[in-house]
Amino acid sequence: FEVLTRKRFAILQALTRLRQICCHPNLVDKTSNKNHDSAKLSATLELIEELHAGGHKVLLFSQFVSMLKLVREALDEDKIRYEYLDGSTIDRSECVDNFQNDPTIPVFLISLKAGGSGLNLTAADTVIHFDPWWNPAVEDQASDRAHRIGQKKVVTIYRLVAAGTIEEKILQLKQKKKELVASVLSEDSG
């Protein structure tokens, strides 16, 4: 039993590393050379700049706090203001109030676990899921932070996926889960 548990843990650890490498090589490569490029981060920054120029406010979710820190560094370099929320954030309500009420703060970086429930972020009209999560309901719940009573705008949701990687497999798995749930909960079924 113990051997099986260790093997499962090793598989889960390998899958997590594969997911991290899709986000940014620095999440896996812990060497002193931190000059890796990430196409996904570059595309995200380009999208954020375009949305900011268009007057949009963005919620960006990631499961990996270490990835959010890389995004923070890049936004600091580009001089784009943001709010930040993860499990270590002390005053959640202050972050939410700042984002909701300050038109000069276009981005809210949120860890998926810390921001998946209990937040009302109707100032945002765009949601970016930086990395896919296995459970579609968790992502949907995070997206719902912008879909709240009081939302007056159409909300656009982006899911960033590295082609030909485990992230595509996760999307396929999530689609199968959605289809299974739909077939079980369908009114047509007995």
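Read on for an overview of the structure. These figures come from a predicted structure and were not determined experimentally.

Calculation criteria
Residues numbered from 1 in each chain as written. Predicted model: local features only at pLDDT ≥ 70, side-chain atom pairs only at ≥ 80, totals over all residues. Heavy atoms only, no water. Helix = DSSP H or I, 4+ residues; strand = E, 2+ residues; numbered from the N terminus. Expected span 1.5 Å × (residues − 1). Contact = heavy atoms within 4.5 Å. Buried < 20%, exposed > 50% of the residue type's maximum accessible area, 1.4 Å probe, protein only. Arc of directions from axis to C-beta. Phe/Tyr/Trp six-rings, centres within 6.5 Å; stacked < 30°, edge-to-face > 60°. Lys NZ or Arg CZ within 6 Å of the ring centre and 35° of its normal. Axes fitted to C-alpha atoms, helices over the stretch in contact; angles between N-to-C directions. Parallel < 35°, antiparallel > 145°, perpendicular 65-115°, else oblique. Lys, Arg positive; Asp, Glu negative; His and termini not counted. Salt bridge = Lys/Arg side-chain N within 4 Å of Asp/Glu carboxyl O. Polar contact = N/O pair within 3.5 Å; in protein donor to acceptor, adjacent residues only side chain to side chain. Patch = residues over 30% accessible without salt bridge, like charges linked within 9 Å, V, L, I, M, F, W, Y side chains within 5 Å. Areas by Shrake-Rupley, 256 points an atom, 1.4 Å probe, with all protein chains shown as cover. Charge placed at Lys NZ, Arg CZ, Asp CG, Glu CD.

**Focus on helix α1 (residues 2-23)**
An α-helical segment advances 3.6 residues per turn. Residues three or four places apart therefore align on the same side.
Line of reasoning, step 1. Helix length check: α1, at 22 residues, gives a terminal C-alpha distance of 32 Å against a target of 32 Å (1.5 Å per residue), a fit within 8%.
Line of reasoning, step 2. For α1, the secondary structure elements touched by its buried residues are α2 (39-53), α3 (65-77) and α7 (166-185).

**Thoughts on helix α6 (residues 136-143)**
Line of reasoning, step 1. Turning to α6, its buried residues number three or more, namely P136, E139, A142 and S143. Projection of α6 onto a plane perpendicular to its axis shows the buried side chains occupying an angular sector of 125 degrees, all on one side.

**Quick notes on the environment of R81**
Line of reasoning, step 1. Topologically, R81 is positioned in the loop between α3 and β2 (82-85).
Line of reasoning, step 2. A relative accessible area of 44% means that R81 is categorised as partly exposed.
Line of reasoning, step 3. In this structure the C-alpha to C-alpha distance between R81 and L180, which are 99 residues apart in sequence, comes to 41 Å.
Line of reasoning, step 4. Leaving out residues up to four positions away in the same chain, R81 has contacts with D102, T104, I105, P106 and V107.

**A few points about the packing of aromatic side chains**
Line of reasoning, step 1. Inspection of every chain in the model, using the stated rule, returns 1 aromatic pair.
Line of reasoning, step 2. Ring geometry for F99 and F108: centres 5.2 Å apart, planes at 55 degrees, overall tilted. Each member of the pair, F99 as well as F108, is classed as buried.
Line of reasoning, step 3. It is K57 that lies over the ring of F99; its NZ or CZ is 4.4 Å from the centre.
Line of reasoning, step 4. In this structure, R72 is placed above the aromatic ring of Y84, and the distance from its NZ or CZ to the ring centre is 4.1 Å.

**Quick look at the packing of α1 against α7**
Line of reasoning, step 1. Running from N to C, α1 and α7 point in directions that differ by 110 degrees, and their axes come no closer than 9 Å. Judged by the angle between their axes, α1 and α7 are roughly perpendicular. Across from L15, L18, R19, C22 and C23 in α1, the residues of α7 making contact are I166, E167 and I170.

**A closer look at the side chain of K57**
Line of reasoning, step 1. Following the sequence through the fold, K57 ends up in the loop between α2 and β1 (58-62).
Line of reasoning, step 2. The charged side chain of K57 is buried without a salt bridge, its nearest counter-charge being D102 at 6.2 Å.
Line of reasoning, step 3. Within polar-contact distance, the side chain of K57 engages the backbone oxygen of I105 at 3.0 Å.
Line of reasoning, step 4. Dropping the residues within four chain positions of it, K57 is found in contact with F99, D102, P103, I105, P106, A123, A124, D125 and T126.

**What about the pattern of salt bridges?**
Line of reasoning, step 1. For the coordinates displayed, the defined rule picks out 6 salt bridges.
Line of reasoning, step 2. Of the charged contacts, one joins D131 and R19 as a salt bridge, the two residues approaching to 3.8 Å between their closest N and O atoms. Taken together, the positions of D131 in the loop between β4 (126-129) and α6 and R19 in helix α1 put the pair 112 residues apart, joining distant regions of the chain. As far as the burial class goes, D131 and R19 line up, both buried.

**Re a negative patch on the surface**
Line of reasoning, step 1. Negative charge collects at one region of the surface, where E46, E49, E50, E73, D76, E77 and D78 lie side by side.
Line of reasoning, step 2. Of all elements in the fold, only α2 and α3 reach the threshold of two or more residues within the negative patch.
Line of reasoning, step 3. Since its relative accessible area comes to 57%, E46 is described here as exposed.

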